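Topology and contacts: notes
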Amino acid sequence: MKKVITYGTYDLLHQGHINLLRRAKELGDYLIVGVTNDNFDRERGKLNVCNNVLERVEAVRSTGLADQIIIEDYFGQKIDDIQKYEVDIFAIGSDWEGKFDYLKEFCEVVYLPRTEGISSTMLRDEQQQVVKVGIVGCGLIAQRFVPEASFVGGVQIIGVYDIETKVGEVFASHHKLEHTYTSYESLLKDVDAVYIATPHLSHYELTKQALLAKKHVLCEIPLVLEEPQARELYDIAEKQGVVLMEANKTAHCPAFNHLMVMIKSGVIGEVVDIEASLSRLLPDRTRREFDATQAGGSMYESAVYPLLPIFRLLGTDYKDLSFYSRMENGVDVYTKGVMYYPTAVCSFKLGLGVKTEGNLVISGTKGYAIVEAPWWKTDYFELRYEDLNQNKKFFYKWDGEGLRYEIQEWMLCILNRRFSSARLRPHESIAMAGVMQQFTERKNFMEI
Ligand code: CTP
């Protein structure tokens, strides 16, 4: 019996797939079809697949052409499968010509003619609703936003507004955007959603204005520095029926999310201690980050990152919080925060003028999780136990600048009319603003 194997995503199953499966089947007596797992597709950068793996398996099954369907989970699996199932022929469409020659060591490799004029990408584009996005503020992070957005379906960045029109024009021309707006109001008229990437103190007004105009908002961190303002903004978003998201990119990192759900499911027992740190030494003291009048300092700059695992795992109902800061010209170049929960204690260290180890350690009654620096863009973590044989390492792919994951979640929320993301709930974002406010008010604050 001649065994043939072929692989694909088979999203929105179309005639091209059916023709390919038929041709593959005709090469032998028994056809095995490998369907990619959702995680594997995400890992290979396919973020826009519409059907989940069960739907795609069902679609392949309904063609009646597959004798066996398997799931493709990891890079290198094809070699394992060919040997395991004693495959004679590996078949794939001609768009992959040459890419699988390395399998010739294990079986015959056949590139079959591809059906012209149809693809899943084309069908997805036809189905896709488009969200018109405007960018507000043309700093470094906005520069990264545009190329990252190109990986996410449904986003159309139509223009930019910067308080300095010249800066906006240069940005628009560099990124080939259609419009440079000279006022925020004119940008708001044209778009469905805005990405706000301006200095901290402008976030509240710009976000509020956009929400009142019924525009969805993705606002850079920190959303605001006072709890009542954060609460008000989320209330307005809910009333207006639009999505407000704080752009905490760690919240959308696939590895970080997996770590959170694993810990919640008890792999290290009860969480008793969380230590999270990050520091970025900036020698140029003329920067905004060191300007007290522009809300400079390490707390406002990055506290939302360590607060994320703390709030995700222990909730927002902490009982006590103290700050210990080294201040220079009115800004904290280093802050250590200590939070007390009835069943746990947490601490975070943040530095702009002091360097610390930047890792995340979550300690539990059965073991601990460690994520090495820079943990806020997690691509690797380890679970460690008393019995070293139980230790386990986990590796993930973090593509590009990582912003694509948060943009994708923002789009999914908008398109599916989900007004809050499970990855960062409004009450968590509000509690983060509450922490900033306590810092501003110097509650439980000691200078070192
Ligand atoms: N295929 C084909 N003819 C097409 C489209 C796909 O023969 N018009 C083949 C591919 O070469 C591959 C298999 O179908 O062997 C599964 O491809 P898949 O990547 O799932 O489909 P695409 O339509 O190419 O998907 P996408 O647009 O997401 O790349």
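Scroll up a little and you will see the structure.
Figured I'd write up the structure that's included with this text. Note that the coordinates shown come from a computational prediction; the quantities given were computed from them, not determined experimentally.

Some remarks on the sheet that holds strand 12 (residues 271-279)
- Across the sheet, nine strands lie side by side as 19-18-17-16-12-15-14-13-20; this open sheet has mixed pairing. Looking at strand neighbours, the two that pair on one side only are strand 19 (392-395) and strand 20 (445-447), the edges of this open sheet. When strand polarity is set aside, the average angle formed by the axes of neighbouring strands in this sheet is 10 degrees.
- As paired strands, strand 12 and strand 16 (residues 360-364) are joined by five bridges and run antiparallel to one another. Pairing of aspartate 273 across the sheet is with serine 363, part of strand 16.
- Lying over the sheet, helix 15 (residues 426-440) contacts strand 13 (320-328), strand 14 (331-341) and strand 20, oriented at roughly 55 degrees with respect to strand 13.

Thoughts on a nonpolar patch on the surface
- Among the surface-exposed residues, Tyr324, Met446 and Ile448 lie close enough to one another that they form a single nonpolar patch of about 310 Å² accessible area.
- Along the chain, isoleucine 448 turns up in the segment after strand 20.
- Given the relative accessible area of 59%, isoleucine 448 is considered exposed.

Details of the site of the ligand
- The environment of the ligand is formed by 19 residues, the closest being Asp95, Thr115, Ile118, Ser120 and Thr121.
- The contact in question runs from an oxygen atom of the ligand to an N or O atom on the side chain of histidine 14, over 2.9 Å.
- Taking 570 Å² as the accessible area of the ligand by itself, protein coverage stands at 92%.
- Those elements giving two or more residues to the shell around the ligand turn out to be helix 1 (15-26), strand 4 (89-93) and helix 5 (120-127).
- Residue composition of the shell around the ligand, by class: five nonpolar, 10 polar and four charged.

Notes on helix 9 (residues 203-212)
- Those residues of helix 9 lying buried are His203, Tyr204, Leu206, Thr207, Ala210 and Leu211.
- Residues of helix 9 that are buried sit in contact with strand 6 (131-136), helix 8 (184-190), strand 9 (193-196), strand 10 (216-220), helix 10 (227-240) and strand 11 (244-247).
- Taken from the residues just after helix 9, lysine 214 is the one with a positive phi, measuring 60 degrees.

Things to note about the side chain of aspartate 41
- Among the secondary structure elements, aspartate 41 is positioned in helix 2 (residues 38-43).
- Among the polar contacts made by the side chain of aspartate 41, one reaches the side chain of threonine 9 at a distance of 3.3 Å.
- Residues contacting aspartate 41, with those up to four places away along its chain left out, are Thr9, Thr36, Lys46, Val49 and Arg56.

Some points on the nonpolar core
- Among the nonpolar cores identified, the biggest contains 56 residues, and Leu259, Phe311, Met339 and Ile362 are the most heavily contacted of them.
- Counting residues per element, this core draws most heavily on helix 13 (residues 304-314), at eight residues.
- Setting aside chain neighbours within four positions, we find phenylalanine 311 in contact with Thr316, Tyr318, Met339, Tyr341, Glu428, Ala431, Met432 and Val435.
- Counting residues in hydrophobic clusters, the runner-up holds 29 residues, among them Val146, Ala197, Ala247 and Leu403.

A few points about the sheet that holds strand 4
- Taking strand neighbours across the sheet as the criterion, the five strands line up as 3-2-1-4-5 in an open arrangement whose pairing is parallel. Among the strands making up the open sheet, the edge pair consists of strand 3 (68-72) and strand 5 (108-112). Recorded for the sheet is a direction-independent mean angle of 25 degrees between the axes of neighbouring strands.
- As defined by bridge partners, strand 1 (residues 3-8) adjoins strand 2 (residues 30-36) across six bridges and the pair is classed as parallel. Of the residues in strand 2, the one forming a bridge with isoleucine 5 is isoleucine 32.
- Strand contacts of helix 3 (residues 53-62): strand 2 and strand 3, with the helix running at about 160 degrees to strand 2, the strand carrying the most contacts.
- Set on the sheet, helix 4 (residues 77-84) makes contact with strand 1, strand 3 and strand 4; between it and strand 1 the angle comes to about 160 degrees.

Some thoughts on the pattern of salt bridges
- Using the criterion set out here, one finds 26 salt bridges in the structure.
- A single network of salt bridges, built from pairs that share partners, joins Arg280, Arg287, Arg288, Glu289 and Glu301.

Here's the deal with unusual backbone geometry
- Look at the link from isoleucine 221 to proline 222: it is a cis peptide, with omega at -15 degrees.
- The omega torsion of the bond from alanine 373 to proline 374 falls at -10 degrees, within 30 degrees of zero and hence cis.
- Positionally, proline 374 belongs in the loop between strand 17 (368-371) and strand 18 (380-384).
- If you check the backbone angles, leucine 12 has positive phi at about 45 degrees while not being a glycine.
- You can see leucine 12 is positioned in the loop between strand 1 and helix 1.
- Even without being glycine, lysine 176 reaches a positive phi, approximately 55 degrees.
- Its location among the elements puts lysine 176 in the loop between helix 7 (165-174) and strand 8 (179-181).

Criteria and thresholds
- Residues numbered from 1 in each chain as written.
- Predicted model: local features only at pLDDT ≥ 70, side-chain atom pairs only at ≥ 80, totals over all residues.
- Heavy atoms only, no water.
- Pairing = 2+ DSSP bridges.
- Helix = DSSP H or I, 4+ residues; strand = E, 2+ residues; numbered from the N terminus.
- Axes fitted to C-alpha atoms, helices over the stretch in contact; angles between N-to-C directions.
- Contact = heavy atoms within 4.5 Å.
- Patch = residues over 30% accessible without salt bridge, like charges linked within 9 Å, V, L, I, M, F, W, Y side chains within 5 Å.
- Areas by Shrake-Rupley, 256 points an atom, 1.4 Å probe, with all protein chains shown as cover.
- Salt bridge = Lys/Arg side-chain N within 4 Å of Asp/Glu carboxyl O.
- Buried < 20%, exposed > 50% of the residue type's maximum accessible area, 1.4 Å probe, protein only.
- Near = heavy atom within 4 Å.
- Polar contact = N/O pair within 3.5 Å; in protein donor to acceptor, adjacent residues only side chain to side chain.
- Nonpolar A, V, L, I, M, F, W, Y, C, P; charged D, E, K, R; others polar.
- Core = buried A, V, L, I, M, F, W, Y, C linked by side-chain atoms within 4.5 Å.

Read these as spatial facts, not as claims about activity.
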